[in-house]
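Read off the chains here:
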Amino acid sequence: MSAPRLRPVADMGVLVEFGDRIDEAVHAGVLALDAAVQAEPFAGFTESVPAFASVMIGYDPLRTNVQNVTAHIERLLGQMQSVQVAGTVREVQVCYEAPFAPDLPEAAKRAGLSEDALIAAHLSGDYRVYMYGFAPGYAYLGGVPQSIQIPRKTEPVRGLPAGSVMIAGAMGLVTTMVAPTGWWVIGRSPTQILRPAAENPFLFEVGDRVQFRRISADQMS
């Protein structure tokens with residue numbers, strides 16, 4: 001792992017950049033630092049926000065300063081080379097039948113596959129939760145098989161329902177609310193990912209693995 005780059009963000013955060021691409025080796029550094037600062041926080045620590053290739057570490061400027069925070073992060077980085085963060089494997093149900101998969105025929109056509117082959121490829125993916133973003137519970141999943149990595153649509157579609165299972169390029173997603181999207185909707189899931197009343201409102205933690213399991217339309221009710 002190359003040396004991360006530390007950059008101050010305003011007067012309340014330090015951005016630690018491990019690379020400039022979506023990559024498991026890069027993300028391993030992100031997960032390791034996130035775990036390390038959670039386990040050994042500094043005085044004034046407020047939050048740690050992992051992303052694809054970076055971690056934003058927040059602090060209270062009334063309790064500490066960027067020099068102290070940077071020194072703490074550098075010490076953690078020097079100690080964590082051998083840290084391995086193993087995520088939990090989460091199962092997500094998905095129905096690929098009409099009317100729950102409106103883009104499946106066109107997505108299969110663009111991938112040069114039959115619909116059954118696209119479904120089989122999607123089910124075979126080794127998915128990892130890289131980050132949350134855009135909307136509550138939107139967990140961005142890396143690991144979409146190369147054979148079904150198709151560019152996103154040129155125009156977004158409004159009003160896609162919660163639970164839409166989508167792909168675009170190398171990323172996958174299961175929506176948690178009604179929203180527009182330019183991604184390809186190839187199925188729908190009844191699995192509840194956003195649980196506002198729960199102590200932990202998100203089903204996934206960053207670093208978790210996701211396995212999709214096919215169900216029939218009768219099982220969606």
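These notes cover the structure that comes with them. (Residues numbered from 1 in each chain as written. Predicted model: local features only at pLDDT ≥ 70, side-chain atom pairs only at ≥ 80, totals over all residues. Heavy atoms only, no water.)

## Things to note about the overall build of the protein
Secondary structure assignment for the protein yields four helices and 13 strands. Taking the principal axes of the C-alpha coordinates as reference, the protein spans close to 55 × 35 × 30 Å. The buried share among the 221 residues of the protein stands at 47%. The long-range fraction of contacts in the protein, counting pairs at least 24 apart against all pairs at least 6 apart in sequence, stands at 61%. Accessible surface computed for the protein: about 11200 Å², of which carbon and sulfur atoms make up 52%. Here the protein holds 17 positive side-chain charges and 22 negative ones, and the gap between their average locations is 3 Å. (Helix = DSSP H or I, 4+ residues; strand = E, 2+ residues; numbered from the N terminus. Buried < 20%, exposed > 50% of the residue type's maximum accessible area, 1.4 Å probe, protein only. Contact = heavy atoms within 4.5 Å. Areas by Shrake-Rupley, 256 points an atom, 1.4 Å probe, with all protein chains shown as cover. Lys, Arg positive; Asp, Glu negative; His and termini not counted. Charge placed at Lys NZ, Arg CZ, Asp CG, Glu CD.)

## Quick notes on the environment of Ala43
Structurally, the position occupied by Ala43 is in the loop between α1 (24-39) and β3 (45-50). Linking Ala43 and Ala32, residues eleven residues apart in sequence, is a C-alpha distance of 20 Å. Excluding residues within four positions of it along the chain, Ala43 makes contact with Arg63 and Thr64.

## Focus on the layout of surface pockets
Considered as a void within the structure, the second largest pocket measures approximately 170 Å³ in volume. Around the second largest pocket, the lining residues are Asp34, Ser48, Val49, Pro50, Tyr132, Asn200, Phe202, Phe204, Glu205 and Val206. With three residues, β3 is the single largest residue contributor to the lining of the second largest pocket. Residues belonging to the lining of the second largest pocket are distributed by class as follows: six nonpolar, two polar and two charged. (1 Å grid on protein atoms, 1.4 Å probe; cavity = no way out; pocket = protein on both sides within 12 Å on 5 of 7 lines; lining within 4 Å. Points joined across faces, edges and corners; volume = space filled by probe spheres on them. Nonpolar A, V, L, I, M, F, W, Y, C, P; charged D, E, K, R; others polar.)

## So, the environment of Thr154
Looking at where Thr154 falls in the secondary structure, it is placed in the loop between β7 (139-142) and β8 (157-160). Judged by relative accessible area, which is 78%, Thr154 ranks as exposed. Considered as a pair, Thr154 and Gly182 are 28 residues apart in the sequence and their alpha carbons are 7.0 Å apart.

## With respect to the pairing of β7
Taking every second residue as pointing to the same face, both faces of β7 are buried, with Ala139 and Leu141 on one and Tyr140 and Gly142 on the other. Sheet topology note: the strand β6 (residues 127-132)/β7 ladder contains four bridges and is antiparallel. By the bridge assignment for β7, Arg128 is matched with Gly142. Hairpin connection of β6 to β7: six residues between the antiparallel strands, including Phe134 at a positive phi of 70°. (Pairing = 2+ DSSP bridges.)

So far we have only geometry, and geometry alone does not tell us how the molecule works.
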